[in-house]
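Reading the structure
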Amino acid sequence: MSRITEKLMALKPNVNMSGMGKSATIAVLVVVALVTVLGMYWSNEPEPFDVVAVAKEKAAERGYLDNSQNLVVGYTTASTLHTIVETLLEKPGGFITNDIMPPGVFMDNMPAWEFGVLVQSRDLARAFRKEFSRSQSQSTEDVNLKVAEPQFNFDNKSWALPSSENEYRRGNKELMAYLDRLAGESNNKAQFYARADNLADWLSDVSTRLGSLSQRLSASVIDDEPQMGSDENSRYVRTPWLKIDDVFYEARGTNWALIHMLQAIEVDFMSTLEDKNALVSLRQVIRELEATQATLWSPIILNGSGFGLLANHSLVMASYIARANTAIIDLRRLLLQG
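Per-chain numbering applies: the sequence of each chain, read as written, is numbered from 1 onward. Since the coordinates come from a predicted model, pLDDT governs what is reported: local features require at least 70, and pairs of side-chain atoms require 80 or more to be given and counted, while whole-chain, interface and lining totals use all residues. Water and hydrogen atoms play no part in the side-chain values, which are based on all heavy atoms of the structure.

The subject of this paragraph is the overall build of the protein chain. Each helix is a run of H or I in the DSSP string that is no shorter than four residues. Each strand is a run of E no shorter than two, and both are numbered from the N terminus. Within the protein chain, the regular secondary structure consists of 11 helices and zero strands. Reading the helices (α) and strands (β) of the protein chain from amino to carboxyl end gives α-α-α-α-α-α-α-α-α-α-α. Type-normalised accessible area, obtained with a 1.4 Å probe on protein chains alone, sets the label of each residue: buried when under 20%, exposed when over 50%, and partly exposed for intermediate values. Scored against the burial criterion, the 338 residues of the protein chain give a buried share of 45%. Between two residues, a contact is recorded if the distance between any of their heavy atoms is within 4.5 Å. Sequence separation of 24 or more characterises 73% of the internal contacts of the protein chain that already satisfy a separation of 6 or more. Only carbon and sulfur atoms are counted for the fraction: they give 56% of the accessible area of the protein chain, which is about 18,300 Å². Note on areas: Shrake-Rupley, 1.4 Å probe, and residue coverage restricted to the protein chains presented here.

An ideal rise of 1.5 Å per residue puts 34 Å on 24 residues; helix 4 (residues 109-132) measures up with 33 Å between its terminal C-alpha atoms. Within helix 4, 20 of the 24 residues are buried, which leaves the element mostly enclosed by the surrounding structure. Every helix has an expected span of 1.5 Å times one less than the residues it contains.

So, about the confidence of the model for the protein chain. Per residue, pLDDT measures the predictor's confidence, with a range of 0 to 100. Chain-level statistics for the protein chain give a pLDDT mean of 87 and a share of 88% at 70 or above. In the model, residues 224-230 has pLDDT below 50 throughout and makes six contacts with residues more than four positions away in sequence or in other chains.

Attention now goes to a nonpolar patch on the surface. Within this analysis, patches are made of residues with over 30% relative accessible area and no salt bridge. Like charges are joined at 9 Å or less; nonpolar side chains (Val, Leu, Ile, Met, Phe, Trp, Tyr) at 5 Å or less. Salt bridges are identified by distance alone: a Lys or Arg side-chain nitrogen within 4 Å of an Asp or Glu carboxyl oxygen. The grouping of Ile26, Val30 and Leu34 at the surface amounts to a nonpolar patch, some 300 Å² of accessible area in total. If you trace the backbone, Val30 turns up in helix 1 (residues 2-42). Among the residues examined, Val30 registers a relative accessible area of 44% and is labelled partly exposed.

Residues belong to one nonpolar core when they are buried, are Ala, Val, Leu, Ile, Met, Phe, Trp, Tyr or Cys, and are joined through side-chain atoms within 4.5 Å. Core analysis: the largest hydrophobic core is formed by 78 residues, its most contacted members being Phe128, Tyr178, Trp202, Leu273 and Leu335. In terms of residues, this core owes the most to one element, helix 8 (residues 244-268), which gives 12 residues. Ignoring sequence-local partners within four residues, the contact set of Phe128 consists of Thr77, Ala78, Leu81, Ser133, Leu145, Tyr178 and Phe192.

This paragraph deals with the pattern of salt bridges. This structure, assessed with the given rule, holds 15 salt bridges. Across the pair Asp205 and Arg126 runs a salt bridge, and its minimum N-O distance is 3.4 Å. Pair noted here: Asp205 is in helix 7 (residues 196-218) and Arg126 is in helix 4, with a separation of 79 residues, a long-range link. Note that Arg216 and Glu250 form a salt bridge whose closest N and O atoms lie 3.0 Å from each other. Separated by 34 residues along the polypeptide, Arg216 in helix 7 and Glu250 in helix 8 bring together distant segments of the chain. Among the residues examined, Glu250 registers a relative accessible area of 12% and is labelled buried.

The terminal C-alpha atoms of helix 6 (residues 164-183), which comprises 20 residues, lie 29 Å apart, in line with the 28 Å expected from a rise of 1.5 Å per residue. The buried fraction of helix 6 amounts to 15 of the 20 residues, a majority that puts the element mostly inside the structure.

Locating Thr87 in the fold gives a position in helix 3 (residues 75-90). Spatially, the C-alpha atom of Thr87 lies 9.9 Å from that of Val117, the residues being 30 residues apart in sequence. For Thr87, the contacting residues outside a window of four places in its chain are Pro46 and Trp256. Nitrogen and oxygen atoms within 3.5 Å of one another constitute a polar contact, given that in protein one can donate a hydrogen and the other can accept it, and given that sequence-neighbouring residues count only through two side-chain atoms. A distance of 2.8 Å separates the side chain of Thr87 from the backbone oxygen of Thr83, its partner in a polar contact.

Okay, the packing of aromatic side chains next. Two rings from Phe, Tyr or Trp (for Trp, the six-membered ring) form a pair when their centres sit within 6.5 Å of each other. Planes less than 30 degrees apart are called stacked, planes more than 60 degrees apart edge-to-face, and all others tilted. Under the definition given, this model contains 10 aromatic pairs. On the numbers, 5.6 Å between centres and 85° between planes, the contact of Phe95 with Tyr168 is edge-to-face. With Phe95 in the loop between helix 3 and helix 4 and Tyr168 in helix 6, the pair connects residues that are 73 residues apart, well separated along the chain. No difference in accessibility class separates Phe95 from Tyr168, as the two residues are buried. Each ring, one from Phe248 and one from Tyr249, has its centre 5.5 Å from the other, and the planes form 80°; the classification is edge-to-face. Linked through ring pairs, Phe128, Phe132, Tyr178, Phe192 and Phe269 together constitute an aromatic cluster.

Let us look at unusual backbone geometry. The amide bond that connects Pro102 to the next residue, Pro103, takes the cis arrangement and shows omega of -5°. Mapping Pro103 onto the fold places it in the loop between helix 3 and helix 4. Cis geometry is adopted by the peptide bond preceding Pro162, which originates at Leu161 and carries an omega value of -10°. Here Leu161, not a glycine, exhibits a phi torsion of approximately 55°, which is positive. Structurally, Leu161 can be placed in the loop between helix 5 (145-152) and helix 6. Overall, Leu161 belongs to the exposed group, its relative accessible area being 86%.

What follows is the structure in structure tokens.
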């Protein structure tokens, strides 16, 4: 009996270890499931917003909206930039690009979307500082915009000391101060010049960004081998397979931001656009970009060949962007005509 007892005692720790192993496995699976669900929730792109309604809400909260419900020229565009940056920071999961903990550290599509939004925000902030707020090239820079614009250009992957979010929030705070001065009646009142040349300069940057995105999207199916008789140095470089979804979501973020910015531009530059017969062209750009925000039903970004069995989401996106870019080129031509 004693030998049997000794054997049972020897087996007891193994039984306990087996039970602990099962508990640890279950705990790991639960954590993985929770992280996966949270990552899926954080991957949802923000809904579009009404640029005029949000601008009026901001103005009403700060006491700048009169009984006529009219906003000063420039307020809608500046408010839209402020709201876009605010959305970037306050959406589910916050700003994910610089995360070092799960699930953010494992995500790549949403950080790519954020980068597209951030690039357009930086470009518009620069346009405010360089053109929209200045009457001519020799004018003094706006006191708030000259602080806000560099803040938005801070490294988007900085986790701490300082964090990207804190720098972008500081930029947004300065942008709100510009909004207050724009709508207020102080002696140091801010300015916004809704001129055709100012708008054309910003649209030139937009066109360059869209052209680059269209090229990178199209390169998902372009052969990286040089063609007979072609210059090897001038051939297109195929987008790496693991980067195709990143480029796609960067384009989604870029277009999401641009749609709102152009809708605000339509409000603040309405008289200029009508004088130049350019309103129809602007609305065409917006329609083409809105098509890029359609629901994506596939769980992955497909990369079929141009006429293959599978879809190629990158080529579809490139098609819409190319048409929007063509309309922007026409729009700039109208704005620059005498």
